[in-house]
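Fold and contact review
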Amino acid sequence: MCAGKGVIIAQSKEEAKEAVADMLSGKSFGDAGLGVVVEEFLDGYELSLFVVCDGIDYKILPAAQDHKRLKDNDIGPNTGGMGAYAPTPLIDDELYKKVEERVVKPTLIGMQKEGAPFEGVLFIGLMIVKNEPIVLEYNVRFGDPECEILMPLLKTPASELFYKAATQNLKNLTIEFYDKYAIAVVMASENYPYGNSKPAEIIIDKNVLDGLENTHISYAGVSLEDGKLYATGGRVLLCIGVGESIQEARERAYLLCGQVHFAGKHFRSDIAYQALKYDK
Ligand code: GLY
């Protein structure tokens, strides 16, 4: 099975050997196949975990799930993220504990030992395979669109969290979150992620919007000219819904999507699909 140009997901050792032989002989991809990288195939789901650190202490935020592929059902090219939700029910207390003990603590202790205690937001990209966490990547920043859904869930003022992190005082903070869910649906410009798009005026159905509770828009690829808002490219804006359940947050986010118009807009219609079966 091919999963992108030049990538073969082999279902058996024999299939893998055959694929490598075809590549190295030039049969599959000509000269481009003469260099081969073999990696373990991870069959699971991805999670984004954010840890606010002050060099010694840390606070783990509720795990989020991003949707990197452009289209519904996780097909199409990778993007910066077409939507996210949190907290995800795909991780339970036992899994949080595993991630904390096997990843968060060793990472932070390792950095202390290297004389570079980590202060800031540690973004751990995880793949969960058979209930075991595997680290895909670390970033030292928030994620987008993950940040936009974590902030509405934060009951503790963000200023207090970040100030205490910046002044090595996280041990004196009890971090609190609302017992709610947040979902962000990204609206992208016409040619995203392939290329630039012509600026397009954004029209929002104000009257309806005023009646929507627990929703807001977070803007990214926009500009304001003569009092008019334009989509200028990339991931233009996020429609965010907050609710008591994933379903409620999702309905609110998608209701908002229906009120936002610009030429060429496109978005995924299945954000949080993996979580719905766990919903309360
Ligand atoms: N949403 C993924 C990232 O910010 O890298």
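Per-chain numbering applies: the sequence of each chain, read as written, is numbered from 1 onward. Residue-level local features of this predicted model are given only where pLDDT is at least 70; pairs of side-chain atoms are given and counted only at 80 or more, and the full residue set underlies all totals for whole chains, interfaces and linings. The side-chain numbers reported here are obtained from all heavy atoms of the structure, hydrogens and water having been left aside.

Time to look at the pattern of salt bridges. When a carboxyl oxygen of Asp or Glu is within 4 Å of a side-chain nitrogen of Lys or Arg, the pair counts as a salt bridge. On inspection of all chains with the given rule, the structure shows twelve salt bridges. In this structure, Arg-252 engages Glu-248 in a salt bridge whose closest nitrogen and oxygen atoms are separated by 3.6 Å. Here Arg-252 pairs with Glu-248, and both are found in helix 6 (residues 246–257), just four residues apart, close to one helical turn. Counted as one network, the salt bridges with shared partners bring together Lys-97, Glu-100, Glu-101 and Lys-105. The numbering of helices and of strands both runs from the N terminus, where a helix is a DSSP run of H or I of at least 4 residues and a strand a run of E of at least 2.

Once that is clear, we can look at the sheet that holds strand 10 (residues 200–201). The pairing criterion is simple: DSSP has to find at least two bridges between the two strands. Across the sheet, which stays open at both edges, the three strands sit in the order 10-14-13 with antiparallel pairing between neighbours. At either margin of the open sheet sits one strand with a lone partner, and together these are strand 10 and strand 13 (222–225). Where strand 13 and strand 14 (residues 228–231) come together, four bridges link them in antiparallel fashion. In the strand pairing of strand 14, Glu-225 is matched with Lys-228.

Looking now at the sheet that holds strand 2 (residues 58–60). Spatially, four strands are ordered 2-1-7-8 in an open sheet, and the strand pairing comes out antiparallel. For this open sheet the edge positions go to strand 2 and strand 8 (132–139), each flanked by a neighbour on one side alone. Within this sheet the neighbouring strands show an average axis-to-axis angle of 30 degrees, counted without direction. Pairing of strand 7 (residues 119–129) with strand 8 involves seven bridges; the strand directions are antiparallel. When the sheet's bridge partners are listed, Phe-123 is paired in strand 8 with Asn-139. Between two residues, a contact is recorded if the distance between any of their heavy atoms is within 4.5 Å. Interaxial angles span 0 to 180 degrees and are taken between N-to-C directions of axes, which are lines fitted to C-alpha atoms, for helices over the stretch in contact. Against the sheet, helix 2 (residues 93–113) engages strand 1 (45–54), strand 2, strand 7 and strand 8, with an angle of about 40 degrees to strand 8. In this fold helix 4 (residues 158–166) packs onto strand 1, strand 2 and strand 7, with an angle of close to 65 degrees to the strand it touches most, strand 1.

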